[in-house]
Structure formats: C-alpha cells, structure tokens
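Here are the chains, one letter per residue:
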Amino acid sequence: DHPITLRDCVFEQPIALAEARLGTLTLDGSIFPGIQAPNLEVDGDLGLSHVSASGTVQLSGAHLHRNLRLLGARLSHGEDAEDALTADHLVVEGNVACGGLEAVGSLNLAGARVSGAVRLENATITSSGPESVAFDGDGMTVGHDFNARGLAATGEVTLVDARIASTLEFQGAALANPDDVALRFDRAEISSSLYCADGFTATGGIQAIGAHV
C-alpha cells in the first residue's frame, strides 16, 4: 500500500517484478542491468527518470494507473535482444514522459494505450539488429498529443494504425533510415495536426498510405 522509493541505487542483478502489484515505484537515478516486469500493475507513477539500464526494460502488458517517467533515462538492450524498452500492450492512464531519453536499441510500444500524452522531446534512439526499427508504435492509442520535437532517431519510426487524439509533432526532428523508410504511419488517424517543420529532416522515405489527418 505504501510507495517504494530507491533513488540513486546500484543493482547487480536485473529487477524482477513480473505480475507484481505496487502502489508507487520510484527508481530515479538508479543503475541496473534491466527490469523484468511483464504484467506489472502500479497504482501510482512508475519513476525511471535518469536511470541507467544495461539490459532491456521489459514492461509488456503492464498497467500503470498514473504516469511512466523516463526523463533523461539511458537505456540499452541486453545480450540477444534488440529492444532497449519492450512495452507492447502497455496501458498508461496518465502520460509517458521520455524527454531527453537516450536509447541504444528499439523502443517497442506496439499496441500500447496511453490516456494522456506521449513525450519524446529531444530523445535519441539508435536502433540495433537487422530490422532497424528505432520506435515501434504500431497500433498505439494516444489520448492527447504525441510530441517528438527534436527527436534524433537512427532506424525506422513506425506508427502504423496508430490513433492520436491530438497533434503529432516532429518539429526539428532528425530521422535517419537510409535506403528504407524513416517515418511510416500508414492508416494512422491523427485527429488534429501533423507538424514536420523547424528543421525537420528525414534521411529515408516517408510513407503514409491511407493516413488521415
């Protein structure tokens, strides 16, 4: 019933929270070799700001009743893995805040449902592995805006079949996936505006078959 707070701690082994239910968990500033937390349920915030993870943060199917905070986090995939963050089918009733995040490996939020906003301002994502996907948001549902201003992504950013209730913003972003698609949002539904201005660059294609803005 009480918050768990472990700031600036060092863990020698991955943190195991599979199917756990917690009130609030804060690990801000901590160092660990990954988190294994599929189907985790957190009644409050999950705080991972400024953490350093040398292995995958696994949050598949987790349910967060408030916010996911990854501000300034440094994430990396582990051995035999391509994802720095695996959070497919994640449910977040608040916001996903990843401003300033640095990731070596993919961010996988395919099928995630976020009631608030997704914020990737000034994040850096460098994909690894043969599929070369930096951000997988296929099938995502976002209840507010998706803000990726200043995002630097090496690898494909994909939002196929995504539903975004407000704006999709890529002002000043630099997307690079040479000889392939840098930004793909086929059949995406964006209820407000799409912004790709203020120095936006894409090295690679932009594909938006059937998208609706």
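Fair warning: this is a prediction, and the values are worked out from it, not measured in the lab.

Time to look at the sheet that holds strand 20 (residues 118–119). If you trace the 9 strands from one edge of the open sheet to the other, you get 1-4-8-12-16-20-24-28-31, paired in parallel fashion. Sheet topology places strand 1 (4–5) and strand 31 (194–195) at the edges, where each strand pairs with a single neighbour. As defined by bridge partners, strand 8 (residues 46–47) adjoins strand 12 (residues 68–69) across 2 bridges and the pair is classed as parallel. Within strand 12, the residue paired with Gly-47 across the bridge is Arg-69.

Attention now moves to the packing of aromatic side chains. One pass over the structure, following the stated rule, counts 3 aromatic pairs. A centroid spacing of 6.4 Å and a plane angle of 70 degrees characterise the contact between Phe-11 and Phe-32, whose relative ring orientation is edge-to-face. Highlighted residues: Phe-11 in the loop between strand 1 and strand 2 (15–16) and Phe-32 in strand 5 (residues 31–32), separated in sequence by 21 residues. For Phe-11, a relative accessible area of 25% translates into the label partly exposed. Ring geometry for Phe-135 versus Phe-146: centroids 5.6 Å apart, planes at 80 degrees, classification edge-to-face. One end of the pair, Phe-135, is in strand 22 (residues 133–136); the other, Phe-146, is in strand 24 (residues 146–147), and 11 residues separate them in sequence.

A word on unusual backbone geometry. Even without being a glycine, Asp-179 presents a positive backbone phi close to 65 degrees. We classify Asp-179 as exposed; its relative accessible area is 84%.

Now for the nonpolar core. Of all hydrophobic cores here, the largest spans 62 residues; its most connected members are Leu-75, Phe-146 and Phe-170. Where this core is concerned, the elements lending two or more residues are strand 14 (83–86), strand 22 and strand 29 (174–184). Among the elements that line this core, the one with the most residues is strand 29, at 3 residues. Filtering out sequence-adjacent residues up to four positions away, Phe-170 remains in contact with Ala-148, Leu-151, Val-157, Leu-159, Leu-175, Leu-183, Leu-194, Tyr-195, Cys-196, Ala-197 and Phe-200.

The next thing to look at is the sheet that holds strand 15 (residues 91–92). Pairing is parallel in the open sheet, where 8 strands are placed in the order 3-7-11-15-19-23-27-30. In this open sheet, the two edge strands, each paired with only one partner strand, are strand 3 (21–22) and strand 30 (189–190). In this sheet, strand 7 (residues 41–42) lies alongside strand 3 in parallel orientation, the contact comprising 2 bridges. Within strand 7, the residue paired with Leu-22 across the bridge is Val-42.

On inspection of all chains with the given rule, the structure shows 11 salt bridges. Two residues, Asp-45 and Arg-66, come together in a salt bridge whose shortest N-O distance is 3.6 Å. Here Asp-45, found in the loop between strand 7 and strand 8, pairs with Arg-66, found in the loop between strand 11 (63–64) and strand 12; they are 21 residues apart in sequence, far enough to count as distant. The exposure class of Asp-45 is buried, given its relative accessible area of 12%. A relative accessible area of 47% means that Arg-66 is categorised as partly exposed. The shortest N-O distance in the salt bridge between Asp-161 and Arg-187 comes to 2.9 Å. Note that Asp-161 is positioned in the loop between strand 26 (156–158) and strand 27 (163–164) and Arg-187 in the loop between strand 29 and strand 30, a separation of 26 residues in sequence. On the basis of relative accessible area, Asp-161 is assigned to the partly exposed category, the value being 30%. Look at Arg-187 and you get partly exposed, because its relative accessible area is 42%. Three or more residues joined by partner-sharing salt bridges are found here, namely Asp-28, Asp-45, Arg-66 and Arg-69.

With that settled, the discussion passes to the state of the cysteines. Cysteine pairs can be covalently joined through their sulfur atoms, and such a bond is termed a disulfide. Tallied over the entire structure, the rule returns 0 disulfides. Cysteine Cys-98 remains unbridged, with the sulfur of Cys-196 as its closest cysteine sulfur at 19 Å. With a relative accessible area of 4%, Cys-98 lands in the buried category.

Quick notes on the rules
- Residues numbered from 1 in each chain as written.
- Predicted model: local features only at pLDDT ≥ 70, side-chain atom pairs only at ≥ 80, totals over all residues.
- Heavy atoms only, no water.
- Pairing = 2+ DSSP bridges.
- Helix = DSSP H or I, 4+ residues; strand = E, 2+ residues; numbered from the N terminus.
- Phe/Tyr/Trp six-rings, centres within 6.5 Å; stacked < 30°, edge-to-face > 60°.
- Buried < 20%, exposed > 50% of the residue type's maximum accessible area, 1.4 Å probe, protein only.
- Core = buried A, V, L, I, M, F, W, Y, C linked by side-chain atoms within 4.5 Å.
- Contact = heavy atoms within 4.5 Å.
- Salt bridge = Lys/Arg side-chain N within 4 Å of Asp/Glu carboxyl O.
- Disulfide = S-S within 2.5 Å.

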